[in-house]
Amino acid sequence: MNTESYILSEQNLAKLINGFIEAGKTVFAPFKDKAGKINFKKINDFTECDIHYIQSVFSAKAAVFPPVEKLFEYRNNKFVQEIKDPLPSYFPETILFGAHPCDASAFAVLETVFTNDYTDAQFSERKNKLTVLGLSCSTGDEHCFCTSVGSDPSSAKGSDILLSLLKNGNFVADIITEKGKIIFDKSKDLFEQSNGNEEKITAIIPDKFKIDELDQKIKNSFEKNIWQAQSMSCLGCGACAYVCPTCSCYDIQDLGTVYNGSRVRCWDTCGLSQFTVHTSGHNPRENQGQRWRQRIMHKFNYQPEKIKLLGCVGCGRCSRACPAGISIIENLQKITKE
Amino acid sequence: MNKIIEVAGEMLTNGEVQLVVGYEKGSNGNERPAFIDAPEACNKLIFDGSCKINLAVYLTKKHIKQKGKIAVIAQKATLASIVTLYTENQIAIENIVALTFDANSNVVKLRNIDEIIEFLKAAGKSSDELDDKIEEIEKMSTEERWNFWQEQFSKCFKCYACRAACPLCYCERCTVDQNQPQWVQVPATKTGNLEWHIMRAMHLAGRCSNCNACSNACPQGIPLNLLTRKLSQEIFKEFKYEPGTAVHQTYALSDFNIKDKENFIK
Amino acid sequence: MCTNIYKPYLMKIADIIDEAPEVKTFRLQFNDDQERQKFIFKSGQFAEYSVFGEGECTFCIASSPTRPDFIECTFRKAGKVTTALSNLEIGDTIGLRGPYGNIFPVDEWKGENLLFIAGGIALPPMRCVIWNCLDKREDYKNITIIYGARSVNDLVYKHELKEWQRHEDIHLITTVDPGGETPDWKGEIGFVPSVLEKVAPSSENTVAIVCGPPIMIKYSFPVLEKLGFKDEVIYTTLENRMKCGIGKCGRCNVGKVFVCKDGPVFTLKQLKELPSEY
């Protein structure tokens, strides 16, 4: 459908968001906590959110792929053996508000992983009930590199409505999808006509490397020494994978007793040493260099070849979160120059 | 700073060490660990107040140990960690030289455990601003304290950056990775998070160097150092022990002494 | 919510056979007969077996689709879930999620000679395909089975081995590692790869299916090569750590493949194209 643009004043944006909350929808928005960190959480009023941020610590992927997701409940005793699906109420209608284009474009990667061949019902429910009110970036920093991976700070990919900040503090709202149109139609009175010439504040993100050069080099990099060198300081935690909007590895655990409880899906990461270990003790990726190689090659080679989408959106969260100060941009640049 | 660069460069040139583990400025302006095996690369080294990572965490890593003799640029907390690692038989001290600055900004080379302990003694105790924060929390009611920590742990995603950054969390298979039995829940639930942090704090009691690496590593800025510092205070109160002050052959929480008080057993 | 792909079938343990120390076979029946009728699997596929409250573990389906009244699995008590499984009794309920994975292309093998090489606890994935081929015996030419274990006691499916020994239409060679024999042992003594070299089956119009501990596989492949087997006709089934079984959780990702989805059956040719991270 053709993208239509309207003006949404800051006041009316607040009304729009509060309107969703009043209508009983779950609104997931960026929020600054007492430690000054921005994260997405369920808000009860527009005033709780802080949309003037460069990047949140954790991505917005929890809206469709939460850290802990109930798969089913079970009961197993002499008299009763049954398995119960999660109730529909477990998956509320959700508005994700204030996600940057990097986060919004990551949903396509997650969707492909969770719905190809076998459809993960829990993910599907959440994704179908999710509407994304994206927010294009008016600032960035040295960790951002969306422009190097085929995106940009005002990309509409993954957003149902994309808001862009104007110099006067109001927003241009681009209605991108049918879902976005439904929202717009319900609150038409909050939007004004746009003359198409409003001055948006858009971040400038310089290119850090050329993706086709990286693609060429990485294809033949498996046996190279560069992985050991780059991962010397890696401490083998899960910070980079958990903050990442496209990382989707998970574990399946049972919580409860042998008589009743639930089986859940929870985040996991290939960076942890025990990820691939066999019960026999054999570990196909026994050192951090091999695990670092898996991370990078999966995102920039294996996954793109399979699903035609890069496993990275250039948000830079991994570099910001890494306790050992590893910079993904620097490492990708080094691979390109190998 | 130049002095460290000089000394480190010399040690590599004359073969005294094969690797220097220090700090450098990262491409995004932050400090990060540096692993230098060529003398000319030593000019990357920095050592200032911005250096937060406790480099002792690398002394137990196989891929670092393999390099041979190592010079490590050490802050006081790193030195305390080295003493604890030595006490727990995790490092070969003869393969490590700690480089640090004394009160007169001279580079000091500490080659054995006694030198490290002496140096720490002479440097004296530094005040810890955490103690004020702990006092603040202790003034709260039980309910307020519980809520404070529940709020903090609700931010935790169990990424284990805290564990990864801690030099004393060197177990190849951490308690949380044990599944027979599953002592600590894997998923990041309220219970799972609480279990994890309390368990880690208890495993560090009497061992923690109070380097703050854990809370610095936490992407969410959860003040985990308060938990470990609190337990450090308790261990000092009850057992008069502080890591880095001596090579203790006993460990406060796992050693039974017939003279131990039992007045808390009702 | 659409079909919950994580929901297992409820199965009752109908029989338990002690195969070897710490190794058991469970014969399972679907609680719901309609589910049993709709459950279609092919040899080579595996399933995720649940002990509710403990977790899931991955093993092949050790029975054959040609015998659809029951499902069998064989496992060794090794980790958390297998320990829980080995404490269960007849009548207890477990979960089964599957069938997953690719298959042994038994139809492609019609008219060929078949050489099965298995070691220890790796006979179960092969038993499925061996039964499948035996149940359609006329489709295949010579069938040779070389099976070895550490000791006589460690051989699994002892009852079936006797049956296969008696079968005129199968050439069965069993072996135990040196030191693993009993005084009345009549089979070979030696590691599987050396017995393979000794027996030296012809590679002409023969498909080789190999399954065993990594070390056995490592030494068997060169022998097969020496005997003239081409990489495309040597099949194996990989045993990576798997969780979801459906190519999503990432655990069994090796290069561009997911062992659970693109495998676990691979030819040696396909294996050589993968990074050696399995």
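See the structure printed just above.
Described in the following lines is the structure provided in the data block.

Calculation criteria
- Residues numbered from 1 in each chain as written.
- Chains lettered and ligands numbered in written order.
- Predicted model: local features only at pLDDT ≥ 70, side-chain atom pairs only at ≥ 80, totals over all residues.
- Heavy atoms only, no water.
- Buried < 20%, exposed > 50% of the residue type's maximum accessible area, 1.4 Å probe, protein only.
- Helix = DSSP H or I, 4+ residues; strand = E, 2+ residues; numbered from the N terminus.
- Pairing = 2+ DSSP bridges.
- Right-handed = clockwise from strand over helix to strand, strands pointing away.
- Axes fitted to C-alpha atoms, helices over the stretch in contact; angles between N-to-C directions.
- Contact = heavy atoms within 4.5 Å.
- Buried area = accessible area lost by both parts, 1.4 Å probe.
- Salt bridge = Lys/Arg side-chain N within 4 Å of Asp/Glu carboxyl O.
- Polar contact = N/O pair within 3.5 Å; in protein donor to acceptor, adjacent residues only side chain to side chain.
- Nonpolar A, V, L, I, M, F, W, Y, C, P; charged D, E, K, R; others polar.
- Core = buried A, V, L, I, M, F, W, Y, C linked by side-chain atoms within 4.5 Å.
- Domains from an automatic or database assignment.
- Parallel < 35°, antiparallel > 145°, perpendicular 65-115°, else oblique.

**Comments concerning the pairing of strand S4 (residues 70-73) of chain B**
All names here are of chain B.
Right, on to step 1. Here S4 shows a buried face lined by Ile70 and Val72 and a second buried face lined by Ala71 and Ile73.
Right, on to step 2. Where strand S1 (residues 19-25) and S4 come together, three bridges link them in parallel fashion. Bridge pairing links Val21 to Val72 in S4.
Right, on to step 3. Of the pairings in the sheet, the one linking S4 to strand S5 (residues 96-101) comprises four bridges and is parallel in character. Its bridge partner lying in S5, Ile70 is registered against Ile96.
Right, on to step 4. Considered for its hand, the β-α-β crossover made up of S4, helix H3 (residues 76-87) and S5 is right-handed.

**What to know about the sheet that holds strand S4 (residues 68-76) of chain A**
Residue and element names in this part refer to chain A.
Right, on to step 1. One open sheet holds the four strands; their spatial order is S5-S4-S12-S11, and the pairing between them is antiparallel. Both edges of this open sheet fall to strand S5 (81-84) and strand S11 (250-256), since each of them pairs with a single strand only. Pairs of neighbouring strands in the sheet enclose a mean axial angle of 20°, with direction left out of account.
Right, on to step 2. Judged from the seven bridges that link them, S11 and strand S12 (residues 260-267) form a sheet pairing that is antiparallel. In the strand pairing of S12, Leu255 is matched with Ser262.
Right, on to step 3. Against the sheet, helix H3 (residues 121-128) makes contact with S4 and S12, and its axis sits at roughly 130° relative to S4, the strand it touches most.

**Re the environment of Leu16 of chain A**
Right, on to step 1. The topology assignment puts Leu16 of chain A in helix H1 (residues 10-22).
Right, on to step 2. For the pair Leu16 of chain A and Ser154 of chain A, spaced 138 residues apart in sequence, the C-alpha to C-alpha distance is 21 Å.

**Some remarks on the interface of chain A and chain C**
Right, on to step 1. Tallying the contact residues gives 51 residues for chain A and 43 residues for chain C.
Right, on to step 2. Taking both sides of the interface into account, the surface hidden between chain A and chain C amounts to around 4,000 Å²; carbon and sulfur atoms contribute 53%.
Right, on to step 3. It is Ile83, Tyr118 and Tyr250 of chain A that lose the most area in chain A upon contact with chain C, and together they represent 16% of the buried surface on that side.
Right, on to step 4. Joining chain A to chain C, the criterion identifies 10 salt bridges.
Right, on to step 5. The residue Glu56 of chain C makes a salt bridge to Arg263 of chain A at a minimum N-O spacing of 3.2 Å.
Right, on to step 6. Between the two partners, chain A and chain C, sit 33 residue pairs in polar contact (both at pLDDT 80 or more).
Right, on to step 7. Breaking the side of chain A that touches chain C down by element, the ones donating at least two residues are S4, S5, helix H2 (101-115), H3, S11, S12 and helix H8 (288-307) of chain A.
Right, on to step 8. Here the element with the most residues in the side of chain A that touches chain C is H8 of chain A; it accounts for eight residues.
Right, on to step 9. Here the residues of the side of chain A that touches chain C sort into 19 nonpolar, 18 polar and 14 charged.

**Quick word on the nonpolar core**
Right, on to step 1. The biggest cluster of nonpolar side chains holds 161 residues, and the ones touching the most others in it are Ile82 of chain B together with Leu224 of chain C.
Right, on to step 2. Both domain 1 (2-123) and domain 2 (129-239) of chain B contribute no fewer than three residues apiece to this core.
Right, on to step 3. Counting residues in hydrophobic clusters, the runner-up holds 38 residues, among them Ile130, Leu134, Ala149 and Cys211 of chain C.

**Overview of the packing of helix H5 (residues 130-138) of chain B against helix H10 (residues 224-239) of chain B**
All names here are of chain B.
Right, on to step 1. Orientation of H5 relative to H10, taken along the N-to-C sense of each, is 90°, at an axis distance of 10 Å. By the angle between their axes, H5 is roughly perpendicular relative to H10. Where H5 abuts H10, its residues Leu130, Asp131, Lys133, Ile134, Ile137 and Glu138 lie against Asn225, Leu226, Arg229, Lys230 and Gln233.
Right, on to step 2. Classifying every residue of the contact of H5 with H10 gives four nonpolar, two polar and five charged.

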